[in-house]
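Survey of secondary and tertiary structure
As a plain string of letters, each chain reads:
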Amino acid sequence: MRASAVAQPNIALIKYWGKQDVAGNIPAVGSLSITLDSLETRMTVEFDDRLGADELQLNGEPAARMLPRVSHCLDNLLGSKRAPAAIESVCNFPIAAGLASSASAFAALVVAASRAAGKQPDTLSLARAAGQASGSAARSLYGGFVELQLIEEGGSPAIAVESILQENAWPMQVIVAITATGEKPVSSSDAMKLSAKTSPFYASWLEHQDHDLEIARSAVADRDFSALAAISEHNCLKMHSVMWASRPPVVYWNKATLACMETVRGLQADGVPVFFTIDAGPQVKAVCLPDIADRVRKALQETDGVIDTMESSLGGGARLLGMS
Ligand code: DP6
């Protein structure tokens, strides 16, 4: 059986940074994100006993480097006695450049693989399997505004994920300013471990996250854009401060990243409802209300060092495209 699924990346407004259980990849903190619409990863999975081992193609090319992580995710989802899989992944945006390509990839993978194996787990089980491969991927199983919470289950930490507001309930537009292409120098996994071990700000980061989540959750419930903007920028800058204070420091920004932040600040000073957020990479994501998206995009395009911009509205969770 062959199954195809699609998933969109998500952008955290209240960030996941740090793990409490490295082996199970359980985050140290809850997080809140928005799922995008126009960026996507499509995954097709077919299990075939005649294959000697799993095979992965990424945008039509063999992708040996990513294969172990993908195989591990399939083992977690279906058990290691499963048949070998042929996996095809097609992604319409740059990979490993701080655009959450692993989130959409693993979310699409768990949906396609479970269906190709004749199984139909509930969404939370799929989210947990995706989250084991990449923490942020758990959120891409859901659409709109999504919250990931930490819970205790049978004496162990686990995640619970839910959509707290559907994608059409409070439309937003996200403009991504690409300021560099190519892969990031340090993976977010490695950078998180370094932060936990060496950053003097890490303990404070953990301590204040629930408060930030509470503020963001209320802002979403009240559709209060300026409250959401303020807490999102604060949380983003705090996460980067944790990284900057690590030893050695982890700095994902470049000159254009800062220039984009200044552009957003300039728009805000003119009363434009927009805010920025930045993940483990140099790209800047500007979140705004749809009616001013053209103005925000133009301002970012004209910012020094911006190579390109992409735009997306909010989208739904990972879903099956078809089976054959
Ligand atoms: C900065 O989900 O990529 O984007 O679990 O190690 O794969 P792993 O990390 P990953 O980290 C995402 C970090 C972030 C913030 C976020 O998306 O919440």
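Let us look at the structure shown here. All values reported here derive from a predicted model rather than from experimental measurement.

With the rule as written, the count across this model stands at three aromatic pairs. Ring centres of Phe225 and Phe275 lie 5.5 Å apart, and the angle between their planes is 50°; this geometry places the pair in the tilted category. On the criterion of sequence distance, the pair formed by Phe225 in helix H6 (residues 225-244) and Phe275 in strand E13 (residues 274-277) is long-range, its members being 50 residues apart. Overall, Phe225 belongs to the buried group, its relative accessible area being 10%. We classify Phe275 as buried; its relative accessible area is 0%. Ring centres 5.2 Å apart and planes at 65° place the aromatic pair Trp244 and Trp253 in the edge-to-face group.

Across the interface, helix H7 (residues 255-269) lies against helix H8 (residues 293-301) with an axial gap of 9 Å and an inter-helix angle of 140°. With respect to their mutual orientation, H7 and H8 come out oblique. Along this stretch, H7 crosses H8, giving a crossing that reads as right-handed. Residues Cys260, Thr263 and Leu267 of H7 pack against Arg295, Val296, Ala299 and Leu300 of H8. Split into classes, the residues belonging to the contact of H7 with H8 amount to five nonpolar, one polar and one charged.

In this section: the pairing of strand E11 (residues 156-165). By the bridge criterion, nine bridges tie strand E10 (residues 145-153) to E11 in an arrangement that is antiparallel. Bridging from a neighbouring strand, Phe145 pairs with Leu165 of E11. Following E10, the chain reverses through two residues before pairing antiparallel with E11; Gly154 in that reversal takes a positive phi of roughly 60°.

Spatially, the six strands line up as an open sheet ordered E8-E7-E9-E6-E1-E16, and their pairing is mixed. The open sheet has two edge strands, strand E8 (61-62) and strand E16 (319-323), and neither has a second partner. Pairing geometry for strand E1 (residues 2-7) and E16, over four bridges, is antiparallel. Residue pairing for E16: Val6 is matched across the bridge by Arg319. Against the sheet, helix H2 (residues 101-116) engages E1, strand E6 (41-47), strand E9 (85-91) and E16, with an angle of about 35° to E6.

The subject of this paragraph is the sheet that holds E13. What the four strands build is an open sheet, ordered E13-E14-E12-E15; its pairing is antiparallel. Whereas interior strands pair on both sides, the edge strands pair on one side only; in this sheet they are E13 and strand E15 (308-313). Neighbour-to-neighbour, the strand axes of the sheet open up by a mean angle of 25°, direction not taken into account. Contacts between H6 and the sheet are confined to E13 and strand E14 (284-288), with E13 contributing the most and set at about 20° to the helix.

Attention shifts here to empty space enclosed by the protein. This structure, assessed with the given rule, holds one cavity of 30 Å³ or more. Size it by volume and the largest cavity reaches roughly 40 Å³. Along the walls of the largest cavity sit Pro9, Asn10, Ile11, Leu36, Leu39, Leu99, Ala100, Val176 and Lys285, which together make up its complete lining.

Criteria and thresholds
- Residues numbered from 1 in each chain as written.
- Predicted model: local features only at pLDDT ≥ 70, side-chain atom pairs only at ≥ 80, totals over all residues.
- Heavy atoms only, no water.
- Phe/Tyr/Trp six-rings, centres within 6.5 Å; stacked < 30°, edge-to-face > 60°.
- Helix = DSSP H or I, 4+ residues; strand = E, 2+ residues; numbered from the N terminus.
- Buried < 20%, exposed > 50% of the residue type's maximum accessible area, 1.4 Å probe, protein only.
- Axes fitted to C-alpha atoms, helices over the stretch in contact; angles between N-to-C directions.
- Parallel < 35°, antiparallel > 145°, perpendicular 65-115°, else oblique.
- Left-handed = near helix turned anticlockwise from the far one by under 90°.
- Contact = heavy atoms within 4.5 Å.
- Nonpolar A, V, L, I, M, F, W, Y, C, P; charged D, E, K, R; others polar.
- Pairing = 2+ DSSP bridges.
- 1 Å grid on protein atoms, 1.4 Å probe; cavity = no way out; pocket = protein on both sides within 12 Å on 5 of 7 lines; lining within 4 Å.
- Points joined across faces, edges and corners; volume = space filled by probe spheres on them.

Geometry only, nothing functional implied.
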